[in-house]
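# Observations on the three-dimensional arrangement
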Amino acid sequence: MYCLQWLLPVLLIPKPLNPALWFSHSMFMGFYLLSFLLERKPCTICALVFLAALFLICYSCWGNCFLYHCSGSQLPDAAHDPSIVGT
């Protein structure tokens, strides 16, 4: 289970508020996971635990799935605030 210390923090990285950045964020996360799986070759148990956690997060549409944006989930109120754009 040593390899999970590199996989589980990936699930905690928040999605950007700006919808224009969702594609680049998902590509970055996908390439990170692909390169991690090819380079480190985690054990089967760690890979299955991570894939199960990723599936549950994306299936429940909690809003932190980096693969796609659920159509039913709402954006935070801060996403529509124009004063955030300059920060």
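For the structure itself, consult the block above.
Scope of this entry: the structure provided in the associated data block. Everything numeric in this text was worked out from a predicted model, so none of it was measured.

### Let's talk about the overall build of the protein chain
- Assigned secondary structure in the protein chain consists of three helices and zero strands.
- Beginning at the N terminus, the succession of helices and strands in the protein chain can be written as α-α-α.
- Evaluated residue by residue, the protein chain yields a buried proportion of 25% over its 87 residues.
- For the protein chain, restricting intrachain contacts to residue pairs at least 6 apart in sequence, the fraction spanning at least 24 positions comes to 64%.

### Some remarks on the packing of aromatic side chains
- By the definition in use, this model includes two aromatic pairs.
- Measuring from ring centre to ring centre gives 5.5 Å for Phe55 and Tyr59, while their planes differ by 15°; the resulting arrangement is stacked. With Phe55 and Tyr59 both in helix H3 (residues 44-60), this residue pair falls four residues apart, about one helical turn.
- Of the residues examined, Phe55 reaches a relative accessible area of 52% and is grouped as exposed.
- Between the NZ or CZ atom of Lys15 and the centre of the ring of Trp22, over which it lies, the distance is 4.9 Å.
- The aromatic ring of Trp6 is capped on one face by Arg40, whose charged end is 5.1 Å from the ring centroid.

### As for helix H2 (residues 22-40)
- Between the first and last C-alpha of H2 there are 26 Å, a value that for 19 residues agrees with the 27 Å anticipated at 1.5 Å per step.
- Every buried residue of H2 is accounted for by Trp22, His25, Ser26, Met29, Leu33 and Phe36. Relative to the axis of H2, the buried residues are bounded by an arc of 95° and lie together on one face. With respect to the buried face of H2, the exposed residues turned more than 90 degrees away are Phe23, Phe28, Phe31, Leu38 and Glu39.
- Looking one or two residues beyond H2, the residue adopting positive phi is Lys41, at roughly 50°.

### Observations regarding the packing of helix H1 (residues 4-12) against H2
- One way to put it is that H1 packs onto H2 with a least axis distance of 12 Å and a crossing angle of 175°. For the element pair H1 / H2, the angle class is roughly antiparallel. Across from Trp6, Leu7 and Val10 in H1, the residues of H2 making contact are Met29, Tyr32, Leu33, Phe36 and Arg40.
- For the contact of H1 with H2, a count of residues per class yields seven nonpolar, no polar and one charged.

Conventions adopted
Residues numbered from 1 in each chain as written. Predicted model: local features only at pLDDT ≥ 70, side-chain atom pairs only at ≥ 80, totals over all residues. Heavy atoms only, no water. Helix = DSSP H or I, 4+ residues; strand = E, 2+ residues; numbered from the N terminus. Buried < 20%, exposed > 50% of the residue type's maximum accessible area, 1.4 Å probe, protein only. Contact = heavy atoms within 4.5 Å. Phe/Tyr/Trp six-rings, centres within 6.5 Å; stacked < 30°, edge-to-face > 60°. Lys NZ or Arg CZ within 6 Å of the ring centre and 35° of its normal. Expected span 1.5 Å × (residues − 1). Arc of directions from axis to C-beta. Axes fitted to C-alpha atoms, helices over the stretch in contact; angles between N-to-C directions. Parallel < 35°, antiparallel > 145°, perpendicular 65-115°, else oblique. Nonpolar A, V, L, I, M, F, W, Y, C, P; charged D, E, K, R; others polar.

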